[in-house]
Structures are given as structure tokens and as C-alpha cells.
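# Architecture and fold: a report
Given next are the chains, with one letter for each unit.
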Amino acid sequence: MKILQYLAVSLLTVCTSTGTAAESTADLLDRALAGDHRSTDNRARDQYRHPKETLQFFGLEPDMTVVEITPGGGWYTEVLAPVLKERGRLIVAGFGSDHPVEYLANIHVRYIEKLDADPGTYGEVRRIVFQAPGYLQELEDESADMMLTFRNTHNWIKFGTAEDIYRDMYRVLKSCGTLGVVQHRAEADADPGTAAKQGYVPEPYLIDMIESIGFRLIDRSEINANPHDTKDHPEGVWTLPPTYRMGDQDREQYAAIGESDRMTLRFAKPMHLADGNCPAQ
């Protein structure tokens, strides 16, 4: 009888453990998005940023090592940290409090304060400084399953650092690993330098540049497209919500447009072996 009781308890334990381990990525994303750690303002932006669909498109799994590049105020960190907390690892590469651009240093300080204020959510997040030279020098070669950058590339183009940064991401990413890019999208034939000053980047240019470094474009999605964005605003992309750089001037017009038109691109780092192929590539 005791043996039967022991077997029953053991079976229950195994089933419970398996059920927890088998919680789907979709379920984990739903729980993270519904979490109390997210502000009302950030929740309101889900309709424009489609975080669940975007991260599923990139192939996020809860046991991955993921690097988020310059997370800004931590909008995506709020989603990634809970999903990766138990079985994976989130590394965030921020500007650093000693960044020479005061504005960026202040963003970093506020971001770190946000993480420190909620150790239950962010206590397992590793923080590194993202500055030249060697933007990701704290990370070993081929140590990450996924690299993510959201609406950053226009700044890198403006400062002439885009290729160096994507090379560093290529070095750190494992063979067959994923690079996920979301970026404000300019007209396809726009001049990259001019468009970047307005916050936008031409999609063909960006794909060519990233592939020239060694990445391979696997897929693209219109999850974050916005056909109402005319991309010719007085203050560039920052005219639109959530920034509203024009203040109250024509605010209703820009609110009706919504956030920017964005490309969503999934790249992979090919295997080094000449005859090797990555799954789903």
C-alpha cells in the first residue's frame, strides 16, 4: 500500500512538473503582458507594437539567452524578463551612466532605477554597458541565441556606427541564432542618411547592410506596418505618438495616424560549416 501511495505521489509530482515546464511561450507572453509590473501607458501601446505577435515571429522560446540592445525605457524588457526568468536568460545592453551624451546617460539611469525597483521581475536580468569601442565586449563569441533591437538603427546610421554594431551582434550570436529587428520604415527609395535624421530607414537598404555583414534574411512581417504613416512629418517620427513633439499642434491628426510604420525583420547567423544548414532555414 505504501509503495502504491509513493508511486501515486511521484506520478503527480512528475505530471505537475511537466505541466509547468510545458507552459507554452504564448501563455508566458500572455502572463507577462498582463502583469502588474506594466504601466497603464505601456499597456496602451500594445495595439501599435504587437509584442506577442512580434516575439513569436522572431521565434522567442523561454529557455533562450536573449540580448536586448539599448532597451530605452524598458518597454520590451517588461515582456522579455518574465518570459525568460525561469529557464532562460535576458541580457540588456544599455548606454551606461557615463555616456558622453547626457540625454542617453539619463535614459540609462532611469532604466536601471526601474529594474532595481522591482527585483522580483528584473532581479535575474544581466546588465552590460553598450559603448564603443567593442559595443558588446563583455559578451563571449557565439553566446546568445537571439539578439533584439527595437527602433534603434536610425540612430546608429546617423552616428556612422551601424555596421560596427551589427558586426558585434553577429560575433555574439550563436550559429543558427536569430537577429530580430524592428525599425521605423522610410520609403524604399529614400536616402538612408536623410531618412535616418527623421527616424526612418529604407527597408531594402537595411536588409542589404545587415546581410553584407553575414546575416541571412529569413523572413519579414507586416505585423507592425502602418499604412497611415506618410513619413513626412515636421518633426520626423517624433511628431507621432507617443512623443508628440509638436505638442498640441495637430495632435488629433497625429493621434489618428498612430505610431510609425515599421518593418519587422528576422535574420539568422548561418552555420560556419559549408555543408551545414540551420533548422527552418
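Up top is the structure.
The notes below deal with the structure included here. (Residues numbered from 1 in each chain as written. Predicted model: local features only at pLDDT ≥ 70, side-chain atom pairs only at ≥ 80, totals over all residues. Heavy atoms only, no water.)

Before going further, it helps to spend a moment on unusual backbone geometry. With an omega of -5°, the peptide bond running from A132 to P133 counts as cis. Locating P133 in the fold gives a position in the loop between β3 (126-129) and β4 (144-150). Cis geometry is found at the peptide bond from P241 to P242, where omega equals 10°. Turning to its location among the elements, P242 is positioned in the loop between β7 (216-221) and α13 (251-257). Of note in this structure, T70 is not a glycine but carries a positive phi near 35°. Summarising the element assignment, T70 is placed in the loop between β1 (65-69) and α6 (77-84). Phi at C176 is positive, roughly 75°, even though this residue is not glycine. When you line up the elements, C176 lands in strand β5 (residues 173-186). Judged by relative accessible area, which is 27%, C176 ranks as partly exposed. (Helix = DSSP H or I, 4+ residues; strand = E, 2+ residues; numbered from the N terminus. Buried < 20%, exposed > 50% of the residue type's maximum accessible area, 1.4 Å probe, protein only.)

The next subject is the nonpolar core. L136, M147, Y166 and M169 are the most contacted members of the largest nonpolar core, which has 33 residues in total. No other element matches the six residues that helix α10 (residues 162-172) contributes to this core. Ignoring anything within four residues of it in the chain, the contact list for M169 reads I69, L136, M147, W156, L179 and F215. F57, L60, L90 and V125 belong to the second-largest nonpolar core, a separate cluster that totals 28 residues. (Core = buried A, V, L, I, M, F, W, Y, C linked by side-chain atoms within 4.5 Å. Contact = heavy atoms within 4.5 Å.)

The next point concerns the pairing of β5. With eleven of 14 residues buried, β5 is to be regarded as a mostly interior element. Strand direction decides the pairing type here: β4 and β5, joined by six bridges, are parallel. Looking at the pairing, M147 lines up with L179 of β5. For β5 and strand β8 (residues 262-268), the ladder comprises seven bridges, and the chain directions are antiparallel. Each residue of the ladder has a partner; that of V182, found in β8, is T264. (Pairing = 2+ DSSP bridges.)

Along the chain, I218 falls in strand β7. When its relative accessible area of 28% is taken as the criterion, I218 is described as partly exposed. Spatially, the C-alpha atoms of I218 and T178 are 9.1 Å apart, while their sequence positions differ by 40 residues.

Turning our attention to the pairing of β8. Looking down a regular strand, the side chains alternate between one sheet face and the other. Burial analysis of β8 places six of its seven residues in the buried class, the great majority of the element. Alignment of β7 against β8, held across five bridges, turns out to be antiparallel. Looking across to β8, one finds that S221 is bridged to T264.

This part is about the packing of helix α2 (residues 25-33) against α6. Their axes nearest at 9 Å, the elements α2 and α6 cross at an angle of 130°. For the element pair α2 / α6, the angle class is oblique. Crossing handedness for the pair α2 and α6: right-handed. Packed against α2, whose contacting residues are L28, L29, A32 and L33, the element α6 presents E78, V79, P82 and V83 at the interface. (Axes fitted to C-alpha atoms, helices over the stretch in contact; angles between N-to-C directions. Parallel < 35°, antiparallel > 145°, perpendicular 65-115°, else oblique. Left-handed = near helix turned anticlockwise from the far one by under 90°.)

Turning to the packing of α10 against helix α12 (residues 203-213), a few remarks are in order. Two numbers describe how α10 lies on α12: the axes approach to 9 Å, and their chain directions differ by 50°. By the angle between their directions, the pair α10 and α12 is classed as oblique. In this structure, the crossing between α10 and α12 has a hand that is right-handed. Between α10, through A162, E163, Y166, R167 and Y170, and α12, the contact on the second element is made entirely by L206, M209, I210 and I213. In terms of residue class, the contact of α10 with α12 is built from seven nonpolar, no polar and two charged. (Nonpolar A, V, L, I, M, F, W, Y, C, P; charged D, E, K, R; others polar.)

Mapping Y48 onto the fold places it in helix α4 (residues 46-49). Put simply, Y48 and P241 are 193 residues apart on the chain and 10.0 Å apart in space, counted from C-alpha to C-alpha. Those residues within four positions of Y48 in sequence are excluded, and the remaining contacts are N224, A255, G258, E259 and R262.

In the structure shown here, the tally under the stated rule is 20 salt bridges. One salt bridge in this structure joins E23 and R31, with 2.9 Å as the shortest N-O distance. A residue is classified by how much of its surface remains accessible, and E23, at 24% relative accessible area, is partly exposed. One salt-bridge network, in which partners are shared between bridges, spans R185, E203, R220, E222, K231 and D261. (Salt bridge = Lys/Arg side-chain N within 4 Å of Asp/Glu carboxyl O.)

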